[in-house]
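# Chain and residue survey
Below, each chain spelled out in residue letters.
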Amino acid sequence: MNRFCIAAILLAHCGAAVGGDLGAIVEECDGCHGVDGVSQWTDMPTIAGTSVLVHADALYVYQEDARPCRESEFRIGDTDRPKTDMCKVAKALTEEQIEAIAEYYADKPFVAARQDYDEALAARGKVVHDEACEKCHTDNGTNVDDDAGLLKGQWMGYMRQTLADYNSGERDQPKKMKDKLDPLSAEDVEALVHFYGKPD
């Protein structure tokens, strides 16, 4: 059985499996991602509201060093702690902890970032999204049931870096996504960033 298919079963037992560690782990996550996973920093994604599949899969990928792992300082709590990165964080987690974390943040509400964006670029980005992205990222990238990540309302700095990582090949992407992104101009990509940065 696929590990994601048993997430609900694992959640029922995660209190016993993870014990008191979940609270401490969440506190560490919030130290970079913000209280309840709602980021206040443009380079740091909000993880609240992310689907269990997307969040857990990301952590498993980080365990394998298969995504860029940039160092980050802690933003809240004990900010004197040494910098860390997602590969180090993920490698310290068990499968049960990963599933419990994914369930925990999936239950938290996504809060769209309030940030400056260019209205004209956002309008152009809407056209690009509708033509290239809407098939997988429905409802302008807000539908958690797509299991494709929440895009609309995400921080623009994070989105810009993510798209750059895809473009450079530093981050793997599904072929169907690559086929859509590769033909886009740099201006189209920046327009997408502004469209996703504009809250509904």
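Residues numbered from 1 in each chain as written. Predicted model: local features only at pLDDT ≥ 70, side-chain atom pairs only at ≥ 80, totals over all residues. Heavy atoms only, no water.

This brings us to empty space enclosed by the protein. A probe as big as a water molecule, rolled over the atoms, marks out the empty space that is left. Tallying each qualifying case throughout the model produces one cavity of 30 Å³ or more. One number sums up the size of the largest cavity: a volume of about 30 Å³. S51, V54, N143, V144, D147, A148, G149 and L150 together form the lining of the largest cavity. Looking at the lining of the largest cavity, its residues break down into four nonpolar, three polar and one charged. (1 Å grid on protein atoms, 1.4 Å probe; cavity = no way out; pocket = protein on both sides within 12 Å on 5 of 7 lines; lining within 4 Å. Points joined across faces, edges and corners; volume = space filled by probe spheres on them. Nonpolar A, V, L, I, M, F, W, Y, C, P; charged D, E, K, R; others polar.)

What follows concerns the layout of surface pockets. By volume, the second largest pocket is sized at about 150 Å³. Lining the second largest pocket, in full, are L163, A164, Y166, N167, Q173, L181, D182, L184, S185, A186 and V189. Taken together, the elements giving at least two residues each to the lining of the second largest pocket come down to helix 8 (156-168) and helix 10 (186-197). A total of four residues in the lining of the second largest pocket trace back to one element, the largest contributor, which is helix 8. Of the residues in the lining of the second largest pocket, the class split is seven nonpolar, three polar and one charged. (Helix = DSSP H or I, 4+ residues; strand = E, 2+ residues; numbered from the N terminus.)

What follows covers the pattern of salt bridges. For the structure on display, the rule yields 13 salt bridges. The closest approach of N and O atoms between R75 and D43, which form a salt bridge, is 2.9 Å. Here D43 lies in the loop between helix 2 (21-33) and helix 3 (52-63) and R75 lies in the loop between helix 3 and helix 4 (86-91), a separation of 32 residues in the sequence. Between D165 and R70 there is a salt bridge, and its shortest N-O distance comes to 2.7 Å. Within this pair, whereas D165 is found in helix 8, its partner R70 is found in the loop between helix 3 and helix 4, the two being separated by 95 residues in sequence. The exposure class of D165 is buried, given its relative accessible area of 5%. (Salt bridge = Lys/Arg side-chain N within 4 Å of Asp/Glu carboxyl O. Buried < 20%, exposed > 50% of the residue type's maximum accessible area, 1.4 Å probe, protein only.)

With that settled, consider the packing of aromatic side chains. Inspection of the entire model under this criterion finds two aromatic pairs. For the pair Y104 and Y105, a centre-to-centre distance of 5.0 Å together with 90° between the ring planes defines the contact as edge-to-face. Residue classification places Y104 among the partly exposed residues on the basis of a relative accessible area of 25%. Between F195 and Y196, the ring centres sit 5.4 Å apart and the planes meet at 50°, which makes this aromatic pair tilted. (Phe/Tyr/Trp six-rings, centres within 6.5 Å; stacked < 30°, edge-to-face > 60°.)

Moving on, we get to the packing of helix 3 against helix 5 (residues 95-106). Contact geometry of helix 3 with helix 5 gives a least axis separation of 8 Å together with a crossing angle of 140°. By the angle between their directions, the pair helix 3 and helix 5 is classed as oblique. Crossing geometry of helix 3 relative to helix 5 is assigned as right-handed. On the side of helix 3, the interface is formed by V52, H55, A56, L59, Y60 and Q63, while helix 5 contributes E95, I98, E99, I101, A102, E103, Y105 and A106. Residue composition of the contact of helix 3 with helix 5, by class: nine nonpolar, two polar and three charged. (Axes fitted to C-alpha atoms, helices over the stretch in contact; angles between N-to-C directions. Parallel < 35°, antiparallel > 145°, perpendicular 65-115°, else oblique. Left-handed = near helix turned anticlockwise from the far one by under 90°. Contact = heavy atoms within 4.5 Å.)

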